[in-house]
Amino acid sequence: MRKVLQKIKLPILALVVALFVSGLLIAFSDPKVLALKGDPLAMLGKALSIAGSAYWALFRGSIYDPQLADTGFFGGLYPLSETIVVSTPLILTGLSVALAFKAGLFNIGAQGQFIVGAIGASYVGFTFELPIVLHALAAIAAAIICAGLYGGFVGLLKARTGAHEVIVTIMLNYVASYFLLWLLSTKAFLREGRMDPIAPEVLESSRLPRLAGQDYRLHAGIFIALLAATAIWWLLNRSTLGFKFRAVGANAKASRTAGISVAKSTTFVMVIAGALAGLGGAVHILGADHALTNEVGGSFGFDAITVALLGRGTPLGTVLAALLFGALRAGGLTMQASTETPLDIVLIIQALVVLFIAAPAVIKAIFRLKSVDEGQAMASKGWNG
Amino acid sequence: MSSFNPKNMSAPERRKFRGLVTMFVLSLFAIIVFAYLPKESAPVTYGFVLGGEWILLKEWIIDSKTASTLFAILALLTTFLATFLFKVKRSSRIVSFIFGSAFLMSFLSWAASGKFVPFTGLLQGALLLSVPLIFGAMAGVISERSGVINIAIEGQLLAGAFVSGVLASLFANNWLGLLFAPFAGALIALLLAVFAIKYGIDQVILGFVLNVLVIGLTNFFYKKLLIPYQSDWNSAVAFVPIEIPLLSKIPVIGPIFFAQSIIVYLMYIVVTLIHITLFKSKWGLRTRAVGEHPTAAESVGINVNRLRFKNVILAGAIAGLGGAFFTLGAVGSFSKEMTAGKGFIALAALIFGRWSPMGAVGAALIFGFADNLQGLLTIIGTPIPSEFMLMAPYIATIIAVSGFIGKVRAPAADGIPYKRGGGSR
């Protein structure tokens, strides 16, 4: 128990400080607060009430809303279901980045891999007519294969030529978004009678089942995500392949001496990382959105990086971090609608949390801690490394 | 052909050879697709006059098929010339440039068959689109040459754009906005410097997070203040272009280079200064030493981390100044995420230009040209989807880093924190 507490102390304190700083920003950027300049006490009160109502809206939008509870307790849980819907793809993209981290690779390309996966799943979903379970499986397989290749290409390039994965994945993200934009202007993908970039809806037979009726978007994808997290935990901690990945991540030179093929490891890791992100895209299309648009990627791939960093690269941590950021995203919409606090405060919170975790010195100084578990250090590597 | 057996070549020779083969294939492609295959041919009009400059040639009207054929043949000839230069082991940089231009003109004449191409305007627009890329790439050069990876260029540009736009609007004074833009970029760089140099955190992760932070902050204030109180907070007007007497009258070159806003002239100064000082001054020598071999630099009495710290902040200031171009140099007011990934294209230009100032400028100009050409082709309507044109800079960068044609290598200690006596390398 103490060990667990020690492990989560830093992330939790980082979150608290980030929420506090963001609260200050919300309050003191408000003209109503600034208007009370002459009266410090009234100003403080107003600041507290404004930040408070913003965070209350954040809670109502992400976990439980009493106003929706007129049909009973469970009606009030609608926001929680939305949180899970947003978190599901985040878990998968987060795992993609986390796995790559463990193997010493920085996968900024989850965004592109997510998009490629979504394209694959969507195409199979609206083109072919297959029996019910088979169709979903085929769509998911298409996503995994497309995105796995897209990610694997990065690994292969790195292994064969030394091209840095960060540079290649940044570039491939743009390539994927432009490719998607182009696809959605072609006959094969553009929905009939539409001018805006949107593909046909995937067929009923390929959709993931909804878990709580048609009024809720909550779908079976969350189980797929949790299953994937378990699989990655097993891969990393219980399998030979995972051991090799971690060995290469910890020290590539030593691993090479020990007879592990660094090139193979790099390629494999990126294939799996790509497949995970692509699975995220598939689950999002087949479960929540049902139709491919040019904005399908949202920020799932980019948030994945903060998710993986907050989750300290472990599968369990990633799941928890994804739930947290999913809650912030879902709640942020309610906050924006009801309190004039822009959704973008979520980005600020995310960036601050990761910054504080990366530099524990700040947190240590604020809370006068002697030591915190800093987890795996984010080892710095050069472009040529 | 014995000397052309790739097996007997060294690695750089092999890459050059592959480059030659690529040029040859592209030339044939141009001859077949642009010159031979089109069934119909219509005149293309190239316009060379924009405004009040002296007129040398107003328009050039030529049959599209003829033009494509001529330029394709020129491309093929330069390929042969490059092959000859390769055999006698001479540099073929200029020839490669002529090849690229000829290939592009062949393509353009094919794509714009029957249309009007404002040639001078195309190049002028290309330069404008390159300005933020060049500033960003210069920020990258200074930071990375001294050993700190700068992924936060995007954030620094955005911070510069935001601060310059807002200050220029609040105080109704563009010069004030321009003055403080570098400070905004430097502030972001300060965070990068403290966390990367003092705490030794991974610079790529750090840069990424800083970008998220700046996007979050500017979006937040944009929605909270700039939209509701637009007349106070976001009503800046762009600088008017300054025409330099005489120089701006030169046909074609004048309107492109010498009828621009103050920020473009500042860019000429920044680029020139960096190019000269990086290779000719004490600071430049030290900067390069610290980026390539910090231990050796330390041993001759250079304070590695202090120099890196200064350079990272200077880099941020340059990117911040470049950010002002988005607002004060172009449209005046700020809009949400208006840098739109330009910081990453600047990073691509830096890498494509092999971390050298002039290489980066060249790459930025090419990327800017591709961007503008794409815009033009979308307007006049072309056989090629504009999305593929937009992909070009990114694919070019991937080809560059994978060492297919020419090999790029980052400064040896780029991204590796230096600990005194630790011997990082």
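Conventions adopted
Residues numbered from 1 in each chain as written. Chains lettered and ligands numbered in written order. Predicted model: local features only at pLDDT ≥ 70, side-chain atom pairs only at ≥ 80, totals over all residues. Helix = DSSP H or I, 4+ residues; strand = E, 2+ residues; numbered from the N terminus. Rg over C-alpha atoms; globule rule 2.2 N^0.38 Å. Contact = placed C-beta atoms within 7 Å. Buried ≥ 20, exposed ≤ 12 C-beta atoms within 10 Å, placed from the backbone. Nonpolar A, V, L, I, M, F, W, Y, C, P; charged D, E, K, R; others polar. Domains from an automatic or database assignment. Pairing = 2+ DSSP bridges. Axes fitted to C-alpha atoms, helices over the stretch in contact; angles between N-to-C directions. Expected span 1.5 Å × (residues − 1). Core = buried A, V, L, I, M, F, W, Y, C linked by C-beta atoms within 7 Å. Bend = angle between axes of the 7 residues up to and from the residue.

J.: How would you summarise the overall build of chain B if you had to cite specific residues and measurements?
T.: Within chain B, the regular secondary structure consists of 16 helices and five strands. Compactness check: chain B gives a C-alpha radius of gyration of 23 Å against a globular reference of 22 Å for 425 residues, within 12% of the reference. By its C-alpha atoms, chain B is 60 × 60 × 40 Å across when sized along the principal axes. Partitioning the contacts of chain B with sequence separation of at least 6, the portion at a separation of at least 24 is 75%.

J.: How would you explain the overall build of chain A if you had to name every residue and give the values?
T.: Each helix and strand counted, chain A has 15 helices and two strands in total. In terms of overall size, chain A behaves like a compact globule, its C-alpha atoms giving a radius of gyration of 22 Å where 385 residues would be expected to give roughly 21 Å. With the C-alpha coordinates of chain A rotated into their principal frame, the extents come out at 65 × 55 × 40 Å. Among the 385 residues that make up chain A, the fraction classed as buried is 54%. Sequence separation of 24 or more characterises 73% of the internal contacts of chain A that already satisfy a separation of 6 or more.

J.: An account of the interface of chain A and chain B is requested, with residue identities and associated values reported.
T.: Each side of the interface is counted separately: chain A has 40 residues, and chain B has 47 residues. Examining the composition of the side of chain A that touches chain B, we find that 11 residues originate from one element, helix α7 (residues 165-183) of chain A, more than from any other. Here the side of chain A that touches chain B is built from residues that sort into 30 nonpolar, eight polar and two charged.

J.: I'd love a proper account of the domain arrangement of chain B, names of residues and values included.
T.: All names here are of chain B. On domain assignment, one finds that chain B holds domain 1 (2-119) and domain 2 (129-401). Between the C-alpha centres of domain 1 and domain 2 there is a distance of 31 Å. Considered class by class, the residues forming the side of domain 1 that touches domain 2 number seven nonpolar, one polar and two charged.

J.: Would you mind going over the sheet that holds strand β1 (residues 43-47) of chain B in detail, with residue names and values included?
T.: Residue and element names in this part refer to chain B. Across the sheet, which stays open at both edges, the three strands sit in the order β2-β1-β3 with mixed pairing between neighbours. Taken across any chain shown, the strands that pair with only one partner, and hence form the sheet edges, are β2 (59-63) and β3 (116-118). Averaged over all adjacent pairs, the angle separating strand axes in this sheet is 20°, with direction ignored. Against the sheet, helix α2 (residues 64-87) touches β1 and β2, its axis set at about 90° to β2.

J.: Explain helix α5 (residues 110-127) of chain A to me, and be specific about the residues and the numbers.
T.: For α5(A), with 18 residues, the first-to-last C-alpha span of 25 Å sits near the 26 Å given by 1.5 Å per residue. Most of α5(A) is tucked away, with 17 of its 18 residues classed as buried.

J.: Outline the nonpolar core, listing residues and values.
T.: The nonpolar side chains of a soluble globular protein tend to be buried, and buried together. Residue and element names in this part refer to chain B. Formed by 258 residues in total, the largest nonpolar core has its most connected members in L192 and A349. Per-element accounting of this core gives the leading share, 15 residues, to helix α7 (residues 203-226). Inspection of this core shows a minimum of three residues originating in each of domain 1 (2-119) and domain 2 (129-401). Beyond its immediate stretch of four places on either side in the chain, A349 contacts L133, A137, A360, A363, A364 and F367.

J.: Pulling in residues and values, what's your account of the environment of A:H164?
T.: Within the element layout of this structure, A:H164 appears in the loop between α6 (132-161) and α7. Of the residues examined, A:H164 has 25 C-beta atoms within 10 Å and is grouped as buried.

J.: Give me the lowdown on the environment of A:A54, citing residues and values where you can.
T.: Residue and element names in this part refer to chain A. With respect to the helices, strands and loops of the structure, A54 is situated in helix α3 (residues 40-62). Among the residues examined, A54 registers 23 C-beta atoms within 10 Å and is labelled buried. Separated by 16 residues in sequence, A54 and G38 place their C-alpha atoms 24 Å apart. Beyond its immediate sequence surroundings of up to four residues, A54 is in contact with I26, M335, T339 and T341.

J.: Residues and numbers for the environment of A:E201, please.
T.: Residues and elements named next belong to chain A. Considering the arrangement of structural elements, one finds E201 in strand β1 (residues 198-201). Given 17 C-beta atoms within a 10 Å radius, E201 is considered partly exposed. Apart from residues no more than four positions distant in its own chain, E201 is found in contact with F126, H290 and A291.

J.: Which residues make up helix α16 (residues 386-401) of chain B, and what values do they have?
T.: Taking the largest bend as the criterion, α16(B) deviates by roughly 40°, centred on B:A392, and proline B:P393 comes between one and four positions later. Considered for burial, the residues of α16(B) that qualify are B:M389, B:L390, B:M391, B:P393, B:Y394, B:T397, B:I398, B:A400 and B:V401. Tucked into the core, α16(B) has its buried residues touching α7 of chain A together with α14 (342-352) and α15 (357-380) of chain B.

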